[in-house]
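# Residue-level structural notes
Chain residues, written in single-letter form:
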Amino acid sequence: MTNKVVILGSTNVDQFLTVERYAKPGETLHVEKGQKSYGGGKGANQAIATARMGAETTFISKVGKDGLADFMFDDFKEAGMNIDYILESETEDTGQAFITVDAEGSNTIYVYGGANMAITPEDVDKAASKIKEADYIAAQLEVPVPAIIQAFKIAREAGVTTVLNPAPAEKLPEELLSLIDVIVPNEFEAEILSGIPVTDEKSMAQNADYFLDLGIKVVVITLGEQGTYYAVEGDSGLVKAYTVQTVDTTAAGDTFIGAFVSGFGVSKMNLVEAIDYANKAASLTVQKPGAQASIPLASEVDNI
Ligand code: RIB
């Protein structure tokens, strides 16, 4: 058995620079390695992760007619995902992200949305039949909120579980909040939405309560090396992370989401088991550079 998953989200070309440390404003630094381009975008990364974990995956996205994203399509096809709903914008360029990774493996990212920000509710309607037959639809915030609302409305009417990864974080309209079944922020995104800093387990629970009180059924807060906090009505807890040598954290959160939605509910995989599976997958991603290039296959995750 496999889950059927629709991912609505961004496709970016990631321009990577590896640095010893980040430059301060006004400072110029030498770098040892030249810039490299990788396939990226939170949506595309999550779709690749979902497909590599074996779920039946449909990806809704938009790119420019500039050919910039063409090199990703081989990977999309190799991962086995449905790319019929990756549309082309007549007017906007393919999205790009400008990423620096420092010696500790942490990153800074500047995103130029381009064609991603031209995705409309009407574009989403084209994939309505795929959304209606899915187990999960997942979206992030690198595409316009009206498109996400439309996708989640279609899903809600059809009884499909909606998953929002509120990244990059921004305050959300009530209409969207009312359509979310599962929310998966990291600790910083949770704080931006709830106003409650995540400092300890008590504040994790306060954050979770904030989301549960909005009517969201499942709250999953990713905490990097500290693991993952989850909460549903009447149950909550912390699932440990896997300690590994970090090279680059880019796409770790995306891998988590992809593995989570591909696993949750399959072969009776419960919430904690799905989070553990997703933590394992993300621990493999951080050991390699790049976004899509670092996302593992299900067989690699099963070997941990
Ligand atoms: O989550 C990682 C992604 O964020 C990168 O691939 C980059 O494209 C940005 O969207």
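Taking an unreviewed UniProt entry as the reference, the protein is identified by name as Ribokinase belonging to Staphylococcus carnosus. Regarding the protein, the UniProt comment filed under Pathway (unreviewed entry) reads as follows: "Carbohydrate metabolism; D-ribose degradation; D-ribose 5-phosphate from beta-D-ribopyranose: step 2/2." The Function (unreviewed entry) comment attached to the protein in UniProt states, word for word, "Catalyzes the phosphorylation of ribose at O-5 in a reaction requiring ATP and magnesium. The resulting D-ribose-5-phosphate can then be used either for sythesis of nucleotides, histidine, and tryptophan, or as a component of the pentose phosphate pathway."

## What about the sheet that holds strand 1 (residues 4-8)?
Adjacent strands of a sheet form backbone hydrogen bonds with each other and so pair up, either parallel or antiparallel. Strand order in the open sheet made by the nine strands is 5-4-1-8-9-10-11-12-13, with mixed pairing throughout. This sheet does not close on itself; its edge strands, each paired only once, are strand 5 (86-88) and strand 13 (235-239). Alignment of strand 11 (residues 218-222) against strand 12 (residues 228-232), held across four bridges, turns out to be antiparallel. Paired with Val 219 across the strands is Ala 231, a residue of strand 12. Against the sheet, helix 8 (residues 201-213) makes contact with strand 10 (182-183), strand 11, strand 12 and strand 13, and its axis sits at roughly 45 degrees relative to strand 12, the strand it touches most.

## What about the UniProt feature "binding site: substrate" (unreviewed entry) in the protein?
Residues annotated in UniProt with the feature "binding site: substrate" (unreviewed entry) correspond here to Asn 12, Val 13, Asp 14, Gly 41, Lys 42, Gly 43, Ala 44, Asn 45, Glu 142 and Asp 254. Structurally, Gly 43 is set in helix 1 (residues 42-52). The residues touching Gly 43, leaving out its near neighbours within four places in the chain, are Ile 7, Gly 9, Ser 10, Phe 59 and Gln 140. Looking at where Glu 142 falls in the secondary structure, it is placed in the loop between strand 8 (136-139) and helix 5 (145-158). Given a relative accessible area of 7%, Glu 142 falls into the buried group. When near neighbours in sequence (up to four residues on either side) are disregarded, Glu 142 contacts Ser 10, Asn 12, Gly 41, Lys 42, Val 111, Asn 116, Met 117, Ala 167 and Pro 168.

## Digging into the sheet that holds strand 2 (residues 12-18)
Pairing in this open sheet of four strands is mixed, and the strands run 3-2-6-7 from one edge to the other. Looking at strand neighbours, the two that pair on one side only are strand 3 (36-40) and strand 7 (107-112), the edges of this open sheet. On average, each strand axis in the sheet is tilted by 25 degrees relative to the strand beside it, whichever way the strands run. Here strand 6 (residues 95-101) pairs with strand 7 via six bridges, running antiparallel. Following the sheet pairing, Ala 97 is matched in strand 7 by Val 111.

## As for the packing of aromatic side chains
By the definition in use, this model includes seven aromatic pairs. Centroid distance Phe 256 to Phe 260: 6.2 Å. Interplanar angle 10 degrees. Geometry classified as stacked. Taken together, the positions of Phe 256 and Phe 260, both in helix 9 (residues 252-263) and four residues apart, correspond to about one turn of that helix. Each member of the pair, Phe 256 as well as Phe 260, is classed as buried. These aromatic residues form a ring-pair network of at least three members: Tyr 136, Phe 256, Phe 260 and Phe 264. Here the basic side chain of Lys 240 rests over the ring of Tyr 242, its NZ or CZ set 4.0 Å away from the ring centre.

Basis of the calculations
- Sequence order as written defines the numbering, with residues in each chain counted from 1.
- Since the coordinates come from a predicted model, pLDDT governs what is reported: local features require at least 70, and pairs of side-chain atoms require 80 or more to be given and counted, while whole-chain, interface and lining totals use all residues.
- In computing side-chain values, all of the structure's heavy atoms are included and hydrogens and water are not.
- UniProt positions are given in the numbering used here, feature names are shortened, and annotations may be inferred rather than shown by experiment.
- At least two DSSP bridges between two strands are needed for those strands to be called paired.
- Numbering of helices and strands starts at the N terminus; helices are DSSP runs of H or I of at least 4 residues and strands are runs of E of at least 2.
- Contacts are residue-level and defined by heavy atoms, with any inter-residue pair within 4.5 Å sufficient.
- In this analysis an axis means a line fitted to C-alpha atoms, helices contributing only their contacting stretch, and an angle means the value between N-to-C directions, from 0 to 180 degrees.
- When a residue's accessible area, from a 1.4 Å probe over protein chains only, is under 20% of the maximum for its type it is buried; when over 50% it is exposed; and in between it is partly exposed.
- Stacked, tilted and edge-to-face are the three classes assigned to paired rings of Phe, Tyr and Trp, where Trp is represented by its six-membered ring and a pair needs centres within 6.5 Å; plane angles under 30 degrees give stacked, over 60 edge-to-face, the rest tilted.
- Any Lys NZ or Arg CZ that is within 6 Å of a ring centre and within 35 degrees of that ring's normal is treated as a charge sitting over the ring.

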